[in-house]
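Tertiary structure, described
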Amino acid sequence: MDGYLAPTTPKPPQISEMFQKFALAFKTKTFEFFADDDDNTNNNNHLSDSDGFSLLDSTEDFITDQKVVVIKPDPPPNSSSLVNNRFQSRTVDTQIADSLISSVFAAVSSFEASYLQLQTSHVPFVEESVRAADRALVSHLQRLSDLKRFYREFRKNPDFEAAAVSLGSSLEAQVQENQSKLRALETVSNRLQEEIDEKDNQVSTLRKKLAEIQWANTKLSKKLSGNLDSACDVLLTVTVFDSVLHDAFRATHKFSKILILLMRKAGWDLDLVANSVYPDTDYAKKGHNRFAFLSYVCLGMFRGFDFEGFGLSENEPLSNGNDPTCSLKQLLEHVSSNPMELLSRNQNSEFSRFCEKKYQELIHPTMESSIFSNLDQNEAVLNSWRSLSIFYESFVSMASSIWTLHKLAFSFDPVVQIFQVERGVDFSMVYMEDITKRHNLPGDTKVKVGFTVVPGFKIGRTVIQSRVYLSGLKCTG
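Presented here is a report on the structure given in the accompanying data block. (Residues numbered from 1 in each chain as written. Predicted model: local features only at pLDDT ≥ 70, side-chain atom pairs only at ≥ 80, totals over all residues. Heavy atoms only, no water.)

A separate point is the overall build of the protein. In terms of regular secondary structure, the protein is built from 14 helices and eight strands. The proportion of buried residues among the 477 residues of the protein is 32%. For the protein, the accessible surface area stands at approximately 31100 Å², while carbon and sulfur atoms represent 53% of it. (Helix = DSSP H or I, 4+ residues; strand = E, 2+ residues; numbered from the N terminus. Buried < 20%, exposed > 50% of the residue type's maximum accessible area, 1.4 Å probe, protein only. Areas by Shrake-Rupley, 256 points an atom, 1.4 Å probe, with all protein chains shown as cover.)

Laid out in structure tokens, this is it:
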């Protein structure tokens, strides 16, 4: 402590005695250093007077310019009140903010739950439920409006107690929010459960209808099985087959006439066309070239007849060990419907594919374009085989009759066989028939076959003659 002595004093100060006096009046805690400060001097005087002591009471002489170490006591207990007040204010602001935010979320969740209840009450419409949900919505909107008003007033004039009463605790608001969410989930769950119940009722109804349809199908199947047995006795005869063949030939002849008429209107040379089909044929009459067109159409339609699928599939095997019952069912299904309706109802059926394939084989695109492009403007002209109504209907009728004959042939056991006579062979009355119906055939000379018009068929030991055109004969009738 000697370093604190002033160098200008005339004699050494009595420092030890001064410390002894200070120790009796103050607690032993050093606060700060005071020297040459008027304000600090006043404070020191105040502290000394308050305790009943004075620095001037010393018996020693007053020493000028003396630096003194003063021990300051602990601050009074109320010195931290301002800090506590600030901390308390911040704590209250945080609590109010948490409560306010929680109350807003709780009110929004309640509004959402009530709105879902309002929607649910409309379908089906329940008047009391709609009114209750509407009142709840209004109350929740009023609550949101009150919270907004409170926030504005709180920003202007905070009132902690009033805020606590108005908002409630944050935990209460969170509980209310969770309850509202549960109510919303319950509403959605009830609605979904109603839809599930409705679907279950629909499934039950559809199952009953399915059971009724299956029962009806069983009855029809039994009835059809009985009809097949009786149909076999009626349909599977040579007479019925010959009658169906006659209908097919008549439909083919009708279509050939329409095709020849269209070609003539288009300016085609029919003699040249007939010669391209069967070259070097000696026709007995000028108009007999029409038999060449009839043969072209008829043989083209019967091509693939000996296949069970009529040649619609590639690498299809010949008919061996077929199921006659299946072909008979297909026959009955086909004859019970209109062929035009069959094509419009299902364009991917076997009959529809058969029509498409046969048309492409008979009428190539160049021929089709030439025929239809030269028609009069008053007639219906398009660029497909379904364009002209008469042409289209006649072709479908011909295809349907040949398709029916094919199914009937495969209903026999064994299957009906088809044959065709080659050009230039000798005429045989057992297997052939003259298409021109000439009865005065020469007995000495052998007549040659010019070409086959309609193929022949063999049913067991019965032969249905092939219709042929004979060459080298002149018509006398």
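Further remarks concern the sheet that holds strand β8 (residues 466-471). If you trace the three strands from one edge of the open sheet to the other, you get β4-β8-β5, paired in mixed fashion. Each edge of the open sheet carries a strand with a single partner, namely β4 (432-434) and β5 (448-454). Mean inter-strand twist for the sheet, computed between neighbouring axes without regard to direction, equals 45°. Pairing geometry for β5 and β8, over five bridges, is antiparallel. By the bridge assignment for β8, Thr-452 is matched with Val-468. (Pairing = 2+ DSSP bridges. Axes fitted to C-alpha atoms, helices over the stretch in contact; angles between N-to-C directions.)

Let us now look at helix α7 (residues 238-265). The end-to-end C-alpha separation of α7 is 41 Å, in line with the 40 Å expected for 28 residues at 1.5 Å each. At the C-terminal side of α7, Gly-267 shows a positive phi close to 85°. (Expected span 1.5 Å × (residues − 1).)

Here the focus is unusual backbone geometry. For the bond running from Asp-413 to Pro-414, omega is 5°, close enough to zero to count as cis. Even without glycine at this site, Asp-280 takes up a positive phi of about 55°. Mapped onto the secondary structure, Asp-280 falls in the loop between α8 (270-277) and α9 (290-302).

Evaluated as defined, the whole model comprises eight salt bridges. Taking the shortest distance from any N to any O, the salt bridge between Glu-127 and Arg-131 comes out at 2.6 Å. Of this pair, Glu-127 and Arg-131 are both found in helix α4 (residues 127-156), four residues apart, which corresponds to roughly one turn of the helix. A relative accessible area of 43% means that Glu-127 is categorised as partly exposed. Lys-358 is paired through a salt bridge with Glu-361; the nearest N and O atoms lie 3.6 Å apart. Of this pair, Lys-358 and Glu-361 both sit in helix α12 (residues 350-362), separated by three residues, roughly a single helical turn. (Salt bridge = Lys/Arg side-chain N within 4 Å of Asp/Glu carboxyl O.)

If you look at the biggest cluster of nonpolar residues, it comprises 63 residues, and the most contacted ones within it are Phe-241, Met-301, Phe-354, Met-398 and Phe-457. Broken down by element, the residue count for this core peaks at twelve residues, all from α7. Once you skip the residues sitting within four places of it in the chain, Met-301 turns out to touch Phe-310, Phe-354, Lys-358, Leu-362, Phe-395, Met-398, Ala-399 and Ile-402. In this structure, Phe-427, Met-432, Val-447 and Val-468 belong to the second largest nonpolar core, which totals seven residues. (Core = buried A, V, L, I, M, F, W, Y, C linked by side-chain atoms within 4.5 Å. Contact = heavy atoms within 4.5 Å.)

Spatial ordering of the open sheet is given by β3-β6-β7, a layout of three strands whose pairing is antiparallel. Because the sheet does not close on itself, it has two edges, and the strands there are β3 (417-419) and β7 (462-464). Taking each pair of neighbouring strands and ignoring which way they run, the sheet shows an average axis angle of 20°.

Right, let's get into the environment of Ala-106. For Ala-106, the position within the fold is in helix α3 (residues 81-122). Considered as a pair, Ala-106 and Lys-181 are 75 residues apart in the sequence and their alpha carbons are 9.1 Å apart.

In this fold, His-288 is placed in the loop between α8 and α9. With sequence-adjacent residues up to four places away left out, His-288 is seen in contact with Tyr-283, Thr-436 and Tyr-469.

A few words now on a negative patch on the surface. On the surface, Glu-194, Glu-195, Asp-197, Glu-198 and Asp-200 cluster together to form a negatively charged patch. By secondary structure assignment, the location of Asp-200 is in helix α6 (residues 170-235). When its relative accessible area of 45% is taken as the criterion, Asp-200 is described as partly exposed. (Patch = residues over 30% accessible without salt bridge, like charges linked within 9 Å, V, L, I, M, F, W, Y side chains within 5 Å. Lys, Arg positive; Asp, Glu negative; His and termini not counted. Charge placed at Lys NZ, Arg CZ, Asp CG, Glu CD.)

The subject of this paragraph is the packing of α7 against helix α14 (residues 389-409). Packed helices, taken two at a time, are described by their axes: the angle between them and the distance between them. At a closest axis distance of 9 Å, the pairing of α7 and α14 adopts a crossing angle of 155°. Taken together, the axes of α7 and α14 are roughly antiparallel relative to one another. The crossing of α7 and α14 is left-handed. Between α7, through Val-240, Phe-241, Val-244, Leu-245, Asp-247, Ala-248, Ala-251, Thr-252, Phe-255, Ile-258, Leu-259 and Leu-262, and α14, the contact on the second element is made entirely by Ile-390, Phe-391, Ser-394, Phe-395, Ser-397, Met-398, Ser-401, Ile-402, Thr-404, Leu-405, Leu-408 and Ala-409. Its residues placed into classes, the contact of α7 with α14 shows 18 nonpolar, five polar and one charged. (Parallel < 35°, antiparallel > 145°, perpendicular 65-115°, else oblique. Left-handed = near helix turned anticlockwise from the far one by under 90°. Nonpolar A, V, L, I, M, F, W, Y, C, P; charged D, E, K, R; others polar.)

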